[in-house]
2 protein chains.
Amino acid sequence: MQRKLPHSNLYLREEELRRGIELLYFAYRDFTRDPDNILADSSFGRAHHRVLYFVGRNPGTTVSGLLSLLRITKQSLSRVLGQLVEDGYVDQVSGVEDRRQRLLYLTDKGKAFEKELFETQRQRVAEAYKKAGPEAVAGFWEVLLNIVNEEEREAVLRQIEK
Amino acid sequence: MQRKLPHSNLYLREEELRRGIELLYFAYRDFTRDPDNILADSSFGRAHHRVLYFVGRNPGTTVSGLLSLLRITKQSLSRVLGQLVEDGYVDQVSGVEDRRQRLLYLTDKGKAFEKELFETQRQRVAEAYKKAGPEAVAGFWEVLLNIVNEEEREAVLRQIEK
DNA sequence: CGATATATGTCAGTGTTATTGACATAATAT
DNA sequence: ATATTATGTCAATAACACTGACATATATCG
């Protein structure tokens, strides 16, 4: 076991840990504000956005696929997904191999709305990337990935490397 | 205006922007899980945690100080803060200069609980920092700060450099 | 002094997102 | 034939947030 020298681990002091915690909180707060503002004019909320986003990124995903990705309950998803289907943002198609499954796809209307919501966050993140530069962005990804639960990292990697 | 060469801005493609968005979502999801699990056994929720955290970090802050930091409404804060005061986690002290103000402090009980909640996040973030190394951590901070609304960055800097 | 502004608190109503538990149906797998 | 899986649904509950309106105490300004 190697003894830790305080001066070589300055970035691991409580002060620096709290800095990460607080930045994560404030950044997430503002990051979710843009789409929330758009959603406020619709009958949808943040949960609908998440479903639109991940169905858009994973066309043909199933209900259980979404459940494990979002880690919410079936009952929560059911309400949100039902509204999106009813309002014509998401299509459900019976699976060909397994007809119990409902494969999920964005309709054109769904794609357009997802794009509108994404655009606000795209701009914010692109600005932040540009200001910070590619090396900082690489560090940003690396730390975030390590904050994810270890047993989920593989699933997240599969998602983000799509 | 400089023309952007595609190959020099690979990290600004939609794919990389979506990667940041998704990592932020997944990391935040897991990052809030630890304290949420502890809070589930208490009568408190995430909102109480936020108040405990920021009162702990800013002893003597006022109600309006918290309101602008957390950006929630007075009515929302009032309920949460009232419970924390009633249960002996937070002390309210009338201001000396301005007796309308209620200066907020954690009690010993409040400090102990905040520490318990912080500990779970501290470990997670410390692990992530260690794995990624100091340069990555610097990039992590920089990008997160740039994601924060521009007009709020100064306030966030004041907070995190405390 | 009187008017106005500020800091805080509170009441009533509403909405979103999530939870748990129980149960139902259809299709697949053993 | 039975068990399991994928999905859906009903009912009840809770945390967290909002808006709007109003109240009180204190401070500040003209």
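All values derive from a computational prediction rather than experimental measurement. (Residues numbered from 1 in each chain as written. Chains lettered and ligands numbered in written order. Predicted model: local features only at pLDDT ≥ 70, side-chain atom pairs only at ≥ 80, totals over all residues. Heavy atoms only, no water.)

This part is about the packing of helix α3 (residues 46-57) of chain A against helix α5 (residues 74-86) of chain A. To describe two helices that pack against each other, one gives the angle between their axes and the distance between the axes. Residue and element names in this part refer to chain A. Two numbers describe how α3 lies on α5: the axes approach to 10 Å, and their chain directions differ by 70°. The angle between α3 and α5 places the two elements in the roughly perpendicular class. Every residue of α5 that contacts α3 at A47, H48, V51 and L52 is listed here: L77, R79, V80, L81, Q83 and L84. (Axes fitted to C-alpha atoms, helices over the stretch in contact; angles between N-to-C directions. Helix = DSSP H or I, 4+ residues; strand = E, 2+ residues; numbered from the N terminus. Parallel < 35°, antiparallel > 145°, perpendicular 65-115°, else oblique. Contact = heavy atoms within 4.5 Å.)

With that settled, consider helix α8 (residues 153-160) of chain A. All names here are of chain A. Along α8, the positions that sit buried rather than exposed are R153, V156, Q159 and I160. Angularly, the buried residues of α8 cover 120° about the axis, an arc narrow enough to put them on a single face. Along α8, the residues that are exposed and aim more than 90 degrees away from the buried face are E154 and R158. (Buried < 20%, exposed > 50% of the residue type's maximum accessible area, 1.4 Å probe, protein only. Arc of directions from axis to C-beta.)

Another point: the relation of the copies chain B and chain A. For the pair chain B and chain A, the best superposition has an RMSD of 0.0 Å and corresponds to a rotation of 180° with a translation of 0.0 Å parallel to the axis. Expressed as an axis order, the relation between the two copies is that of a two-fold axis. Ranked by how close their C-alpha atoms come to the rotation axis, the residues of chain B are headed by F140 of chain B, at 1.9 Å. Residue by residue, 100% of the interface of chain B is reproduced at the interface of chain A, so both copies engage with the same surface. (Least-squares fit on C-alpha atoms with pLDDT ≥ 70 in both.)

Following the sequence through the fold, R153 of chain B ends up in helix α8 (residues 153-160). With 71 residues separating them along the chain, R153 of chain B and G82 of chain B place their C-alpha atoms 29 Å apart. Here R153 of chain B is in contact with K131 of chain A together with L145, N146 and V148 of chain B, once residues within four sequence places are set aside. At a separation of 3.2 Å, a polar atom in the side chain of R153 of chain B contacts the main-chain carbonyl oxygen of L145 of chain B. (Polar contact = N/O pair within 3.5 Å; in protein donor to acceptor, adjacent residues only side chain to side chain.)

The subject of this paragraph is the protein's contact with DNA strand C. Contacts to DNA strand C come from 25 residues, most closely from G45, R50 and S76 of chain A together with K74 and R100 of chain B. A share of 56% of the atoms of DNA strand C within 4 Å of the protein falls on sugar and phosphate groups. V63 of chain B has a polar backbone atom sitting 3.4 Å from a phosphate oxygen of DNA strand C. In this structure, K74 of chain B approaches DNA strand C through a side-chain N or O atom, which is 2.4 Å from a base oxygen. (Near = heavy atom within 4 Å.)

Our focus in this paragraph is the protein's contact with DNA strand D. Taken together, 25 residues surround DNA strand D, and among them K74 and R100 of chain A together with G45, R46 and R50 of chain B come closest. Atoms of DNA strand D within 4 Å of the protein: sugar and phosphate make up 58%, bases the balance. Measuring from a phosphate oxygen of DNA strand D, one finds a side-chain N or O atom of H48 of chain B at 3.5 Å. When contributions to the surface near DNA strand D are tallied by element, the ones reaching two or more residues are α4 (63-70) and α5 of chain A together with α3 (46-57) and α5 (74-86) of chain B. At four residues, the largest contribution of residues to the surface near DNA strand D is made by α3 of chain B.

The subject of this paragraph is the interface of chain B and chain A. On the side of chain A, 63 residues touch chain B, which itself brings 62 residues to the contact. With both sides pooled, the region where chain B packs onto chain A buries about 6900 Å², and carbon together with sulfur makes up 68% of that total. Here E114 of chain A ties to R18 of chain B by a salt bridge, and the two come within 3.3 Å at their closest N and O atoms. Linking chain B with chain A are 24 residue pairs in polar contact (both at pLDDT 80 or more), by the criterion used here. (Buried area = accessible area lost by both parts, 1.4 Å probe. Salt bridge = Lys/Arg side-chain N within 4 Å of Asp/Glu carboxyl O.)

Moving on, we get to the nonpolar core. By size, the foremost hydrophobic cluster in this structure holds 100 residues, and its most contacted members are Y129 and F140 of chain A together with Y129 of chain B. Beyond its immediate stretch of four places on either side in the chain, Y129 of chain A contacts V137, F140 and W141 of chain A together with Y11, L12, E16, L17, G20 and V143 of chain B. (Core = buried A, V, L, I, M, F, W, Y, C linked by side-chain atoms within 4.5 Å.)

On to the confidence of the model for chain A. Put simply, chain A has an average pLDDT of 92, and 95% of its residues get 70 or more. Ranking the helices and strands of chain A by mean pLDDT puts helix α7 (residues 134-147) of chain A first, with 97, and α8 of chain A last, with 90. (pLDDT = per-residue confidence, 0-100.)

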